[in-house]
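Survey of secondary and tertiary structure
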Amino acid sequence: MSENNNSTENIDKKLMIQCDNLVKIYKTKDSEVIALQGLDLNVAPTELMAIVGKSGSGKSTLLNMLGGLDTPSAGKLFVDGKNLFKMNKKSLIEYKQRTVGFVWQNNARNLFPYLNAIQNIQLPMIFTSERKKRENAQKLLEMVGMAHKKYNRLSELSGGEQQRIAIAIALANNPKLLLADEPTGSVDKKTANYILDVFRELNRNLKTTIVIVTHDMDLARSVNRVVSIQDGKISSEMHAKSNYLEQMDNITMFSDVHDEFTILDRAGRLQLPQEMLEKMNVKDNKVRLEFVDDSIVIKSAQNEEKEVIQK
C-alpha cells in the first residue's frame, strides 16, 4: 500500500464516514473487475441515508468495506476517524465488535437457529457481565418490538420478526454505525414500514448513524439523503426538501420530497442518466458543451450533425 494511502492528512474528524477516491479491483486468473472506481462519499454522524444502484454497481462492495469485511485497493477510507487501510487483524476485530453493526438480508447470517431470540442478542456481548447481557438484550428486544418473542427460536419467527431480531443483534454492542444490506428485501410492505420506523427511532433516540443499501424505493425515499451509485462511482444524490418525510403516507414520488443533484467527481466528471442520453439521441459517447447564461448546456453531437446535413 502506498504511503499516500496511509496518510492521515485531509481527515475530517467531524465525519462518520469519509471515502476519498476509493478504488476496489477484484483480480482473477484471467481478468480484473473494477467494482469501485474513484468513489467519493462523506456521511455525517447521526445521519440516516440510503444507497441505491443496479446490481453490479458497487454498492454492496462499498458496504462490505465500511463493515471491515473487504479491503480497498486504493484511495482513503475512514470510519469514525479510524483508517481502515492501517488496521491489522486485531484492530479490525475490535472495529467490527465496537464501531460497526451489520444487518444482512439473509437472516441465516444474522441468527443462530439453535438459540432463542434473547440468546442470539446476548451472543455478541463478549465483554459484558451475564446480568448486563440480560438487561441490555431485554431493552433491545423492547426497542424492536419483540419482547414477547424472546424465547422463540428462528423456526418459530416470521421473516419480519427475524429481521427485527437481527437489528437488535447488530445493536448489541452499541455501535456508532449501523449498516443494513437490503433489510426489507424479503418482507411484506407492512413489515417493511415497521422496520423503517425502527431505524428512524434508533437514529433519533440513540443517535446511531445508519447506512442502508436497498432496491426498495419506498424505503429509500423515506430517508433524508439517497445516494445513487453507477459503475462504481456516485452519480447523483437526492436530498429531502424539508420535513415532508413525516407525511410519507401521502407521497408517491421522489420529486415530492427530494431534490436530485448530479455529482461531479474531483476531476470534474459527471455521469448522465442513461434514459436522458437516449432522449438526447447521444451516440458514440460524443456531446457538445456550451456555456449559456451562467449554465452549461449539453447537446448531442449527433443532432448537430443532422442539422448540418439538412442545411
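Residues numbered from 1 in each chain as written. Predicted model: local features only at pLDDT ≥ 70, side-chain atom pairs only at ≥ 80, totals over all residues. Heavy atoms only, no water.

Quick look at the environment of Pro 45
Within the secondary structure layout, Pro 45 lies in the loop between β2 (32–43) and β3 (48–52). Relative accessible area serves as the criterion here: at 35%, Pro 45 is assigned to the partly exposed category. In this structure, the C-alpha to C-alpha distance between Pro 45 and Lys 14, residues 31 residues apart in sequence, is 7.5 Å. Setting aside residues up to four positions removed in sequence, Pro 45 forms contacts with Lys 14, Leu 15, Met 16 and Thr 209. (Helix = DSSP H or I, 4+ residues; strand = E, 2+ residues; numbered from the N terminus. Buried < 20%, exposed > 50% of the residue type's maximum accessible area, 1.4 Å probe, protein only. Contact = heavy atoms within 4.5 Å.)

Re helix α7 (residues 189–206)
Between its first and last C-alpha atoms α7 spans 25 Å; for 18 residues at 1.5 Å apiece the expected length is 26 Å, and the two agree. Within α7, burial applies to Thr 191, Ala 192, Ile 195, Leu 196, Val 198, Phe 199, Leu 202 and Asn 203. Mapping the buried residues of α7 onto a view down its axis gives an arc of 155 degrees, with all of them on the same face. Along α7, exposed side chains directed more than 90 degrees from the buried face belong to Lys 189, Lys 190 and Asn 205. Contact partners of the buried residues in α7: β3, α5 (130–143), α6 (159–170), β7 (177–181), β8 (209–213) and α8 (217–220). The opening residue of α7 is Asp 188, an N-cap whose side-chain oxygen sits 3.3 Å from the backbone nitrogen of Lys 190. Looking one or two residues beyond α7, the residue adopting positive phi is Lys 207, at roughly 60 degrees. (Expected span 1.5 Å × (residues − 1). Arc of directions from axis to C-beta. Polar contact = N/O pair within 3.5 Å; in protein donor to acceptor, adjacent residues only side chain to side chain.)

What about the confidence of the model for the protein?
Of the residues in the protein, 85% have a pLDDT of 70 or more, and the chain-wide mean is 83. Across residues 1–8, confidence stays below pLDDT 50; counting only partners more than four residues off in sequence or on other chains, it has 18 contacts. (pLDDT = per-residue confidence, 0-100.)

Regarding a nonpolar patch on the surface
Residues Val 287, Leu 289, Phe 291 and Ile 296 make up a contiguous nonpolar surface patch of about 450 Å² in total accessible area. Counting residues per element, the nonpolar patch draws most heavily on strand β12 (residues 287–292), which supplies three residues. Structurally, the position occupied by Phe 291 is in strand β12. On the basis of relative accessible area, Phe 291 is assigned to the exposed category, the value being 63%. (Patch = residues over 30% accessible without salt bridge, like charges linked within 9 Å, V, L, I, M, F, W, Y side chains within 5 Å. Areas by Shrake-Rupley, 256 points an atom, 1.4 Å probe, with all protein chains shown as cover. Salt bridge = Lys/Arg side-chain N within 4 Å of Asp/Glu carboxyl O.)

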